[in-house]
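Residues per chain are reported as follows:
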Amino acid sequence: FRSFDDGFPNLFINNAENIRGQHVAFLASFSSTSVIFEQLSVIYALPMLFAASFTVILPFFPTGSFERIEEEGDVATAFTLARMLSNVPISRGGPTSLVIYDIHALQERFYFGDKILPVFESGIPLLKRRLQQLPDADKVVVAFPDDGAWKRFHKLLDHFPMVICNKVREGEKRIVRIKEGDPSGFHVVIVDDLVQSGGTLIECQKVLAKQGAAKVSAYVTHGVFPKRSWERFVHGGTFQGEALLFSRFWITDSCPNTVKAVEGKAPFEVLSLAASMADALQI
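Residues numbered from 1 in each chain as written. Predicted model: local features only at pLDDT ≥ 70, side-chain atom pairs only at ≥ 80, totals over all residues. Heavy atoms only, no water.

Structural notes on the overall build of the protein chain
Link 1 in the chain: Across its full length, the protein chain holds seven helices and 15 strands.
Link 2 in the chain: Here the C-alpha atoms of the protein chain give a radius of gyration of 21 Å, agreeing with the 19 Å that 2.2 N^0.38 yields for 283 residues.
Link 3 in the chain: Seen through its principal axes, the protein chain has C-alpha atoms that stretch 60 × 45 × 35 Å.
Link 4 in the chain: Counting only contacts in the protein chain whose residues sit at least 6 apart along the sequence, the fraction spanning at least 24 positions is 65%.
Link 5 in the chain: Within the protein chain, the 31 negative side-chain charges are centred at a point lying 2 Å from the centre of the 29 positive side-chain charges. (Helix = DSSP H or I, 4+ residues; strand = E, 2+ residues; numbered from the N terminus. Rg over C-alpha atoms; globule rule 2.2 N^0.38 Å. Contact = heavy atoms within 4.5 Å. Lys, Arg positive; Asp, Glu negative; His and termini not counted. Charge placed at Lys NZ, Arg CZ, Asp CG, Glu CD.)

Here you go:
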């Protein structure tokens, strides 16, 4: 990956002749708009080198939260990116496979065209294994910040007691309340697909603690954390003048820039998707 003086990519695939007849996988990371074009250029080129099959692993689909139009003029960039990926050339072995983890809106699977085979995986099995290793595994309750998180994840976690939160409007404020379940005396783990600023997780933590949770942790597959918003969760950090009291915060390595930033900082712990990716590549 090189650049010309004008900033546009100057790309070269080393030992390209060795790709012929091989099963090829490309691990992509669309961590910023500046790298999407250069990676797409390589993704488009690889299957045309006569690969036996071609798989793209894109752990985090970054436009996933911009999937719908609420008023005329909105641009659903999730659909745009899905169309771009749907036009990857067909390899010798057929359509490209695309592996994505915990896409934000499940209906986005229908945004992809027939020239690509999207495969939707989840990081939740990693969380389940980690929870079973905790010394207080028998005292864990899973909490969801809203009905949407419950709908997409509860079947994967149905052997845990559950708490469902929701947001209600009081005047100009959006307040988080417990809709269902009892956190009292338990280690409560809030589960969601991604985190941006973390405001919703913080409000959930507050209400769970007030309702008697022994301690509160969080899990998200994608720790996006724009503008270093992860800093407010580091032990000793504050939000709006209040100390944050998350016992543990699990993320996967789907957002590698975040992984580098939080390394060695409590309460963060990274659960690697590597083994799951390897399983997805078995042919």
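From this point, the discussion proceeds with the structure in view.
Some words on the sheet that holds strand β3 (residues 23–27)
By way of backbone hydrogen bonds, the strands of a sheet pair with one another, either parallel or antiparallel.
Link 1 in the chain: With parallel pairing, the four strands of this open sheet are ordered in space as β3-β4-β5-β6. Every other strand in the sheet has two partners, leaving β3 and β6 (116–121) as the edge strands with one partner each. Averaged over all neighbouring strand pairs, the angle between strand axes comes to 20 degrees, with direction disregarded.
Link 2 in the chain: Pairing of strand β5 (residues 96–101) with β6 involves six bridges; the strand directions are parallel. Note on β6: the bridge partner recorded for T96 is I116. (Pairing = 2+ DSSP bridges. Axes fitted to C-alpha atoms, helices over the stretch in contact; angles between N-to-C directions.)

Side note on the packing of aromatic side chains
Link 1 in the chain: Tallying each qualifying case throughout the model produces 10 aromatic pairs.
Link 2 in the chain: Aromatic side chains F225 and F268 sit 5.8 Å apart centroid to centroid with 85 degrees between the ring planes, which places their arrangement in the edge-to-face category. Here F225, found in the loop between β11 (215–223) and β12 (238–239), pairs with F268, found in strand β15 (residues 268–271); they are 43 residues apart in sequence, far enough to count as distant. For the pair F225 and F268, a shared accessibility class is recorded, and that class is buried.
Link 3 in the chain: Each ring, one from F246 and one from F249, has its centre 6.1 Å from the other, and the planes form 40 degrees; the classification is tilted. (Phe/Tyr/Trp six-rings, centres within 6.5 Å; stacked < 30°, edge-to-face > 60°. Buried < 20%, exposed > 50% of the residue type's maximum accessible area, 1.4 Å probe, protein only.)

Things to note about unusual backbone geometry
Link 1 in the chain: Cis peptide bonds are those with omega within 30 degrees of zero, and the linkage from A266 to P267 qualifies with 10 degrees.
Link 2 in the chain: As for its position among the elements, P267 is in the loop between α6 (256–262) and β15.
Link 3 in the chain: Non-glycine residue N15 carries a positive phi angle of around 50 degrees.
Link 4 in the chain: With a phi close to 50 degrees, F225 is a non-glycine residue in the positive phi region.

Concerning the layout of surface pockets
Link 1 in the chain: There is about 650 Å³ of room inside the largest pocket.
Link 2 in the chain: Lining of the largest pocket is provided by 23 residues; of these, S65, H104, D146, D192 and D193 occupy positions nearest its centre.
Link 3 in the chain: Only α4 (147–153), β10 (187–195) and α5 (199–210) provide two or more residues apiece to the lining of the largest pocket.
Link 4 in the chain: In terms of residue class, the lining of the largest pocket is built from seven nonpolar, nine polar and seven charged.
Link 5 in the chain: When residues of the lining of the largest pocket are assigned to domains, at least three fall in each of domain 1 (2–121) and domain 2 (123–272).
Link 6 in the chain: Roughly 260 Å³ of internal volume is contained in the second largest pocket.
Link 7 in the chain: The wall of the second largest pocket is formed by 20 residues, among which S31, V224, C255, N257 and T258 lie closest to the centre.
Link 8 in the chain: When grouped by side-chain class, the residues that make up the lining of the second largest pocket number 13 nonpolar, five polar and two charged. (1 Å grid on protein atoms, 1.4 Å probe; cavity = no way out; pocket = protein on both sides within 12 Å on 5 of 7 lines; lining within 4 Å. Points joined across faces, edges and corners; volume = space filled by probe spheres on them. Nonpolar A, V, L, I, M, F, W, Y, C, P; charged D, E, K, R; others polar. Domains from an automatic or database assignment.)

Focus on the environment of V176
Link 1 in the chain: As for its placement among the helices and strands, V176 is situated in strand β9 (residues 173–180).
Link 2 in the chain: C-alpha separation for the pair V176 and Q205, spaced 29 residues apart in sequence, amounts to 9.6 Å.
Link 3 in the chain: In contact with V176, not counting residues within four places along its chain, are C165, N166, K167, E203, C204 and V207.

Thoughts on helix α1 (residues 33–45)
Link 1 in the chain: Looking at α1, one finds that the buried residues are V35, I36, E38, Q39, L40, V42 and I43.
Link 2 in the chain: Elements in contact with the buried residues of α1: β2 (9–10), β3, β4 (53–57) and α2 (77–86).

A word on the sheet that holds strand β8 (residues 162–170)
Link 1 in the chain: With mixed pairing, the seven strands of this open sheet are ordered in space as β9-β8-β7-β10-β11-β14-β15. Looking at the sheet topology across the chains shown, the edges are occupied by β9 and β15. Across the sheet, the mean angle separating the axes of adjacent strands is 25 degrees when strand polarity is ignored.
Link 2 in the chain: Relative to β10, strand β7 (residues 140–144) runs parallel, the two being bridged by four bridges. Looking at the pairing, V142 lines up with V189 of β10.

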